[in-house]
Amino acid sequence: MNSSSSIKIIIFIYLSIFSKFALSFTENLSKTPIIIQQGSSYKLQSKVLQEERNISIRLPKSYQDTQKHYPVLYLTDGENHFGHGVSAVSVLEDYDMMPESIIIAIPNLQGSRLRDLVYESENFINFIKNELKPFVNSNFRTSGVDILFGHSSAGGFTLNILRDQTNLFTGYISASPSISMKKERVQQYKDFLKFQHGKVNKSLYITMGGIADEGVAIKPENIELLVKLLEESAPGNISWKFDHHPEQNHMTSPYLTLFRGLSWVFRDYQYPTFIGHQDFKEYGAIKGLKEHFSNRHKKYQTSEKIPEDVLVGLGYAFINEKSYDEANGMLKTTLELYPASYGAYYALGTLYKKTERTTMALTSFQQALTLAEKNASPHLSYFRKQVADAKKTLEKR
């Protein structure tokens, strides 16, 4: 692996407190920096570009503790997007909106941006394809799920790769792309869409900010024309979405775009949600859920088992719409898969309480409390209250 040096953000915390003692204490604190490391920097000697390039890399939290292989997010204009990219990915990872992922940021050299993204873009594509990606794949555990993000000229560059080197990435996120839609380019997009039928699935997310603001940097009508072509001709294996963010300008759009774009391209990783039983039934019911988590397992190396909280959540959804028989069946299914689920027992207690089956409610709440105590649940007081309330109701009879 090439030489590395840590990228560090150093934050000095200064506290202002009126007490002389506290002020003296904080003066000592201010001399000790808090160091937050976001990633590492690697130097890559490029034969294609005939220059040395710095690459910033952030590994997932679990990388050192597992043997998993991870998706990779590639960020062009890395000097601008690495920081907020790490923040966006961290939030989405923490809330199961995307899998833990490796982040690769490609900073520009002084004066190299337009050369790489516009005038000599073929060289830059070759660098990514034949040097950068092989370097990443040979030195890190990657899964083959690769996402490319670009903004403005880099957004146009991202779309060019989608059109001309489609299989280089599995997902593409393009923020306020600067693109040409002359007659020959329109035909190129038409040909691309025509010949994608039946090929490998790809995801595409495109955005545009306020038209008046964007008009200074790009031609919004070109984006609108591309969207029209996608509406008319995109095959089913190209899953795409366009969002217009009128409240954003050209320079703020990439921040929102990256966050929403990652949520879009990784939607097959996310847990399905349902309004009620009919919605669940149309999805394919339990069979549909099993298929979703089986596909998720194959692509992202997650558990193939339907998560407990998904099943319990469905039980509550059915209770809330008064589909009580369906709720009872779902929660019994949950307990077959997760016999120690105090959440499922508690939900059953809630169901029985709502349907005035107090004795059964008490039994379920007691089972939930017993299991919750064994698992040191932080909600024990609430479980105990439900048991006590059910006992009082029975005593009044």
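Scroll up to find the structure this text is about.
Residues numbered from 1 in each chain as written. Predicted model: local features only at pLDDT ≥ 70, side-chain atom pairs only at ≥ 80, totals over all residues. Heavy atoms only, no water.

Before going further, it helps to examine the overall build of the protein. Helix and strand counts for the protein stand at 16 helices and 9 strands. Taken across its 397 residues, the protein has 48% of its residues classed as buried. Expressed as a percentage of contacts within the protein between residues at least 6 apart in sequence, the contacts between residues at least 24 apart total 70%. Carbon and sulfur atoms provide 52% of the accessible area of the protein, an area that totals close to 20600 Å². Across the protein, the centroid of the 46 positively charged side chains sits 4 Å from that of the 41 negatively charged ones. (Helix = DSSP H or I, 4+ residues; strand = E, 2+ residues; numbered from the N terminus. Buried < 20%, exposed > 50% of the residue type's maximum accessible area, 1.4 Å probe, protein only. Contact = heavy atoms within 4.5 Å. Areas by Shrake-Rupley, 256 points an atom, 1.4 Å probe, with all protein chains shown as cover. Lys, Arg positive; Asp, Glu negative; His and termini not counted. Charge placed at Lys NZ, Arg CZ, Asp CG, Glu CD.)

Here the focus is the side chain of S203. Its place among the elements puts S203 in strand β8 (residues 202–208). In this structure, S203 is in contact with T170, G171, Y172, S239, V265 and R267, ignoring residues within four places of it in sequence.

With that settled, the discussion passes to the environment of R397. Counting through the fold element by element, R397 comes out in the segment after α16 (380–395). Residue R397 is classed as exposed on the basis of its relative accessible area, which comes to 63%. Taking the C-alpha atoms as reference points, R397 and E224, 173 residues apart in sequence, are found 69 Å from one another. Among all residues touching R397, those that are not within four sequence positions of it are E356 and T358.

Right, let's get into the nonpolar core. By size, the foremost hydrophobic cluster in this structure holds 46 residues, and its most contacted members are I104, F127 and L132. Here the element with the most residues in this core is helix α4 (residues 121–139); it accounts for 7 residues. Every residue in contact with I104, bar those within four places of it in the chain, is listed here: I55, S56, I57, V72, L73, Y74, L75, L132 and V136. Of all hydrophobic cores here, the second largest spans 35 residues; its members include F280, V312, Y346 and L369. (Core = buried A, V, L, I, M, F, W, Y, C linked by side-chain atoms within 4.5 Å.)

Judged by how many residues are buried, strand β6 (residues 142–151) sits mostly within the fold: 8 of 10 residues are covered. By the bridge criterion, 5 bridges tie β6 to strand β7 (residues 171–175) in an arrangement that is parallel. Pairing of I147 across the sheet is with G171, part of β7. Handedness of the crossover joining β6 and β7 through helix α5 (residues 153–164): right-handed. (Pairing = 2+ DSSP bridges. Right-handed = clockwise from strand over helix to strand, strands pointing away.)

By themselves, these observations are geometric and do not establish any function.
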